[in-house]
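What follows is the residue order along each chain.
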Amino acid sequence: MATSAVARETVFALRRQIAKIEGTLPERLQAPAGAPVDAPRNPTADVTPHDLTIVRRGLAVAPPDAFLRTGAEALDTALGGGLPKAALSEIHGAATRDAGAVAGFALSLVSLILKQGQRLPVLWIGTAEVFREAGFPYATGLYRLFGIEPEQLLFSEAPRLLDALWTAEEAARMTALAAVVLEIRGSPQRLDLTATRRLHARAQSAGRPVFLLRQAGEAEPTAAPVRLVLSAAPSAPRQTIAGPLAGSIGRPAFTVSIGKSRTALPGQFTLEWNPDERSFEERRTGEERAANPVPVVSASRRGKDPAPASGAVLAFATVGSPAAGDQPSPGERAAHRRPRRAG
């Protein structure tokens with residue numbers, strides 16, 4: 001009996017190790033049926049919390065607050081909770097024309113970080129050719145679309161890629177920054193596994209995200225746990241009470257593909273950025289929008305004594321003004337074009 005009990009404990013210990021590697025649910029760790037009475041009914045009770053960590057495809061399952069949720073449930077679920085906060089994340093644009101979409105998506109992620117009450121600045125690092133090709137974010141648009149104050153976004157323009165990598169490594173280890181953005185163009189040889197491993201290790205140590213933006217580069221091996229491939233998606237028309245407004249331009253939209261993930265399978269999503277809520281939403285069809293339970297203001301009803309129709313609206317007083325549809329004389333047009341004299 002003693003030999004049989006030892007054998008059972010050995011078998012169960014092996015099953016526990018296999019379950020940790022394969023990411024099996026905790027109930028699979030229970031003792032097999034028919035175990036002796038003196039055997040523990042719940043052997044995991046004597047296991048330390050570290051041993052209870054479930055491994056999923058080689059990545060330990062982290063607590064929910066370790067992820068940056070985008071607000072798009074399908075994408076967050078596919079990524080296992082969202083983008084990791086303390087890690088290197090790669091945002092890839094296949095062509096130069098996708099640089100604006102990549103930068104806009106990165107600014108959206110920065111907005112999500114600042115929305116959580118983080119008041120620290122964000123450092124955006126790039127080489128001269130990166131900013132010359134894609135430009136700098138517009139300060140007014142930063143605040144109106146993403147709620148980012150211009151003084152919260154700092155830029156570092158490096159003359160060489162080596163200088164940009166060094167700056168990113170030093171910045172990634174600082175806890176005085178909310179996030180670090182490194183924008184690289186093409187597929188340079190110096191951006192290899194060794195360089196990205198250092199960035200990923202610094203991000204993990206500081207507990208801050210590092211976003212690696214790739215302009216017109218090929219998908220190469222990096223240490224980033226997640227790689228998202230970005231491109232611009234057509235904006236849907238603006239929605240009104242009466243339905244879509246023809247000829248209008250709605251919210252910014254992105255086509256997001258999961259190019260690499262340790263916990264997710266490849267997938268593609270179309271997301272819209274809501275600048276009011278500062279969150280992503282999945283693209284919905286017109287039928288789904290009509291079934292939205294959010295209340296809207298109903299159209300005004302006609303009363304008993306409706307207001308009379310308004311007359312012609314003029315920018316100036318009617319005294320001496322030409323009749324509607326009249327054009328100024330050639331002499332008047334010439335006078336308007338003459339330079340104003342001084343004195």
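Our subject is the structure listed above.
Below: a short report on this structure. (Residues numbered from 1 in each chain as written. Predicted model: local features only at pLDDT ≥ 70, side-chain atom pairs only at ≥ 80, totals over all residues. Heavy atoms only, no water.)

### Notes on the sheet that holds strand β9 (residues 210-215)
In a beta sheet, neighbouring strands are held together by backbone hydrogen bonds and run either parallel or antiparallel to one another. If you walk across this open sheet you meet the nine strands as β7-β6-β8-β9-β5-β10-β13-β14-β15, and the pairing is mixed. Two strands in the sheet have a free side with no partner beyond their single neighbour: β7 (153-158) and β15 (279-282). Recorded for the sheet is a direction-independent mean angle of 30 degrees between the axes of neighbouring strands. Looking at chain direction, strand β14 (residues 268-274) and β15 are connected through four bridges and run antiparallel. Among the inter-strand pairings, Leu271 is bridged to a residue of β15, identified as Glu282. Helix α6 (residues 161-172) contacts β6 (122-127), β7, β8 (179-185) and β9 of the sheet and is inclined by roughly 165 degrees relative to β6. The strands touched by helix α7 (residues 193-206) within the sheet are β5 (88-93), β8 and β9, with β5 carrying the most contacts at an inclination of about 130 degrees. (Pairing = 2+ DSSP bridges. Helix = DSSP H or I, 4+ residues; strand = E, 2+ residues; numbered from the N terminus. Axes fitted to C-alpha atoms, helices over the stretch in contact; angles between N-to-C directions. Contact = heavy atoms within 4.5 Å.)

### Some details on α7
Helix length check: α7 (14 residues) gives 20 Å between terminal C-alpha atoms against 20 Å at 1.5 Å per residue, within 8%. The complete set of buried residues in α7 reads Ala195, Thr196, Leu199, His200, Ala203 and Ala206. Buried residues of α7 fall within an arc of 135 degrees about the axis and therefore sit on the same side. Opposite the buried face of α7, by more than 90 degrees, sit the exposed residues Arg197 and Ser205. Tucked into the core, α7 has its buried residues touching β5, α6, β8 and β9. Positive phi appears at Gly207, one or two residues downstream of α7, with a value of about 70 degrees. (Expected span 1.5 Å × (residues − 1). Buried < 20%, exposed > 50% of the residue type's maximum accessible area, 1.4 Å probe, protein only. Arc of directions from axis to C-beta.)

### Remarks on the pairing of β6
The buried fraction of β6 is high, at six of six residues. Burial of β6 is two-sided: the residues Val122, Trp124 and Gly126 facing one way and the residues Leu123, Ile125 and Thr127 facing the other way are all buried. The pairing of β6 with β7 spans six bridges and is classified as parallel. Residue pairing across strands places Gly126 opposite Glu157, the latter belonging to β7.

### A closer look at the side chain of Ser248
In this structure, Ser248 sits in the loop between β12 (243-244) and β13 (253-261). Here Arg238 takes part through its backbone nitrogen, which lies 2.9 Å from a polar atom of the side chain of Ser248. For Ser248, the contacting residues outside a window of four places in its chain are Pro237 and Arg238. (Polar contact = N/O pair within 3.5 Å; in protein donor to acceptor, adjacent residues only side chain to side chain.)

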